[in-house]
Amino acid sequence: MLKGKKIILAITGSIAAYKSILLARELVKAECEVRIIMTHAAKDFVTPLTLSTLSKNPVLIDLFEGDAWSNHVKLGRWADVLLIAPLSCNTLAKMAHGICDNLLMATYLSAICPVIVAPAMDEDMWQHPATKSNLKIIELQGVTILPVNKGELASGLYGEGRMAEPESILAFIEQRFFQNTDIKGKQVLVSAGPTFEHIDPVRFIGNHSSGKMGIAIAVELANRGAKVDLVLGPSSNQPNHPAITVYNVSTAAEMYNECIAQFERADAAILCAAVADYTPANIAAEKIKKNGQSLSIELIETEDILKTLGQQKRKGQVLVGFALETANEKENALNKLSKKNADMIVLNSLNDKGAGFGLDTNKITIFEKSGNQFDYEQKPKQQVAKDIVDRVVNMLYV
């Protein structure tokens, strides 16, 4: 969706400017038309030669270069988005008070396109009242401010102030400004997260699922116009989107009942949750105490949500399951696709680096009942969600 979009990437004086190299590369890979503006301070951290090579355009620094004049008005009207990343404390103050003393500020004050900033500074600077005040001013002027990350800072301290990662910035731009609505009006059921199967009042059998992948899918669907019923197991991650209705559950039985209840009105269901295959046959009423002997717990199979929905599926509904495997991955995924009467299985393997529970990335292969197979490289989960939803949309409108 970023293909052909005109992006001005403006870089200011911050150690985080090294991320702008990766950002420029990703924008070009997304087939954007990229023009880069640098402040003089930014040249202390990254070279114009590197950025001009990546962007395939000259890097603009001065209002006047020899006998040439950089037409900041034309530039500000050319762009679809002006992205300032990193945004230094100094440039933030200039933006807040309209100080026009360089090409970047002249372009900013002339821009008629959306402006996005990714601040980067040390925690003490980030928390300073003057910085907070300036952020409020530019926000009121219509500037979109990306949240900073928390982590190790250039000063050696640990705290808030790190610039957002390039892949997160790209995903935000795409979703906020260029997201299509190809699934508008559709109702989609998504399951996400783990289930906790209780042993006694304080213990449970669970897994390491964070719910990140399922939530990313739900957000992608909502951003593209769908209404989403998200059945979410115990997770510290919670989506905040007006088109997503969250049904919080704990056990496999609760997730089964909620998915069955919501499936009837769904145009599609994407079952991403890591549901327990077994649950204790009996739950102790009191906390189980040590008694010097071994403890045996009888486990019984839980209800199979994907299989049940596959049996209930009506013509036109699209049903998607997930297969997390550790061995015989393709064989197991195709077997699941057939036996559960699914339309699509998303396979990921714990043997693949960057895939699995709790990570911000994933690596998937999609198998469709038509026989199609789609292999994808490791990506951030927001981009993986886009790939999955693209295939679901294709099935809905075939």
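Data block above holds the structure.
Values in this document were obtained by computation on a predicted structure and should not be read as measured data. (Residues numbered from 1 in each chain as written. Predicted model: local features only at pLDDT ≥ 70, side-chain atom pairs only at ≥ 80, totals over all residues. Heavy atoms only, no water.)

Moving on, we get to helix 7 (residues 129–140). Taking 1.5 Å of rise per residue, the 12 residues of helix 7 would be expected to cover 16 Å, and the 17 Å separating its terminal C-alpha atoms lies within 8% of that figure. For helix 7, the complete set of buried residues consists of T131, N134, L135 and I138. Down the axis of helix 7, the sector holding all buried residues measures 105 degrees, keeping them to one side. For helix 7, exposure combined with an orientation more than 90 degrees from the buried face picks out P129, K136 and L140. Where the residues of helix 7 are buried, they touch helix 4 (89–97), strand 6 (115–119), helix 6 (123–127) and strand 7 (144–145). One or two positions beyond helix 7, positive phi appears at G142, with a value near 100 degrees. (Helix = DSSP H or I, 4+ residues; strand = E, 2+ residues; numbered from the N terminus. Expected span 1.5 Å × (residues − 1). Buried < 20%, exposed > 50% of the residue type's maximum accessible area, 1.4 Å probe, protein only. Arc of directions from axis to C-beta. Contact = heavy atoms within 4.5 Å.)

It is worth spelling out the sheet that holds strand 21 (residues 365–368) at this point. The strand order across the open sheet built from 8 strands is 14-13-10-15-18-19-21-22, with neighbouring strands paired in mixed fashion. Looking at the sheet topology across the chains shown, the edges are occupied by strand 14 (244–248) and strand 22 (373–375). Averaged over all adjacent pairs, the angle separating strand axes in this sheet is 15 degrees, with direction ignored. Bridging between strand 10 (residues 187–192) and strand 13 (residues 227–232) involves 6 bridges; their strand directions are parallel. Considered in strand 13, the bridge of V188 is made with V228. Here helix 9 (residues 212–223) sits on the sheet and contacts strand 10, strand 13, strand 14, strand 15 (268–271) and strand 18 (318–325); the angle it forms with strand 10, its principal contact strand, is near 165 degrees. Docked against the sheet, helix 11 (residues 305–312) engages strand 10, strand 15, strand 18 and strand 19 (344–349), running at close to 160 degrees with respect to strand 18. (Pairing = 2+ DSSP bridges. Axes fitted to C-alpha atoms, helices over the stretch in contact; angles between N-to-C directions.)

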